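Letter by letter, the chains look like this.
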Amino acid sequence: MIIDLSVAINLQTPVYPGDPATKIEPAGVLSRDGYCDHYISPGTHVGTHIDAPMHMIEGGISLDQIPADNFIGQGRYIGVTNGNLMAIQDAHIEHGDIVLLDTGMNEKYHDPVYFSDYPAMSEETAHYLVKKKVKMVGLDACSVDNIEGFPIHKILLAGNVLIIENLTNLRTLAGKQFKVYALPLNLELDASPARVIAETT
């Protein structure tokens, strides 16, 4: 079974405070031009997206420099609150896994509290994930950080652990074995919206 873990991108998609609003305008109208086409102007961190080291690390690599197989891996679902390290340690994480953290925040995705009162990962947890050499860590919240300076981003990205934010439908993966395909656009940039899916076995 294929489970879509991505939010839709449209004019109502919430954006992180301070980020640019998404713009979508018609470039071709089927009834007028014989084809449908659109101009889109999203920020690189809109909706479900993947952060590359360039996002927070001086001299860090951009998405296009990351091997494509880094975006695919065995998934590990973990239900967490405030980056509960014990829950992560009990999840039997292995080298190369893609760890998905269910915080429950997706239920408040269109509520202002989504960007103001969300659980963030602890530095201890971030260091643990780097030590385990996971490929990516994703969560159903707007950020792995909620304090100034973004220390969690920096720990993960400096340790070559990519970050997926604004996931959805994570609870459907509880108790399942699955593979994750988290594919961003091949941009020479710091981040990209992505279509993230899980394939259950």
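Residues numbered from 1 in each chain as written. Predicted model: local features only at pLDDT ≥ 70, side-chain atom pairs only at ≥ 80, totals over all residues. Heavy atoms only, no water.

## Description of the environment of Gly-75
Spelled out, the test is: Strands here mean DSSP runs of E at least two residues long; helices mean DSSP runs of H or I at least four residues long; both are numbered from the N terminus. Contacts are assigned to residue pairs that have any heavy atoms within 4.5 Å of one another.
Following the sequence through the fold, Gly-75 ends up in strand S5 (residues 72-79). The spatial distance from the C-alpha of Gly-75 to the C-alpha of Thr-200 is 9.4 Å, given a sequence separation of 125 residues. Setting aside chain neighbours within four positions, we find Gly-75 in contact with Ile-98, Phe-178, Lys-179 and Val-180.

## Observations concerning the pattern of salt bridges
Opposite charge on two side chains permits pairing when their charged atoms draw close. Stated formally: Salt bridge, as used here, is a side-chain nitrogen of Lys or Arg placed within 4 Å of a carboxyl oxygen of Asp or Glu. The buried label applies to any residue whose accessible area, calculated with a 1.4 Å probe on protein chains only, is under 20% of its type's maximum; exposed applies above 50%, and partly exposed to all values in between.
Taken as a whole, this structure holds 6 salt bridges when the rule is applied. As a salt-bridge pair, Arg-32 and Asp-33 come within 2.9 Å of each other at their nearest N and O atoms. Look at Asp-33 and you get partly exposed, because its relative accessible area is 31%. Each of Arg-76, Glu-94 and Asp-97 takes part in one network of salt bridges that share partners.

## A look at the nonpolar core
Nonpolar side chains tend toward joint burial in soluble globular proteins. Stated formally: As used in this record, nonpolar core signifies buried Ala, Val, Leu, Ile, Met, Phe, Trp, Tyr and Cys residues forming a set joined through side-chain atoms within 4.5 Å.
Membership of the largest hydrophobic core comes to 29 residues, with the highest contact counts inside it found for Ile-93, Leu-101, Met-121, Leu-129, Val-137 and Leu-156. Taken together, the elements giving at least two residues each to this core come down to strand S6 (98-102), helix H3 (123-131), strand S7 (136-139) and helix H4 (151-158). Element by element, the count of residues in this core is highest for H4, at 4 residues. Core analysis: the next-biggest nonpolar cluster, separate from the first, contains 21 residues, Ala-52, Ile-98, Ala-194 and Val-196 among them.

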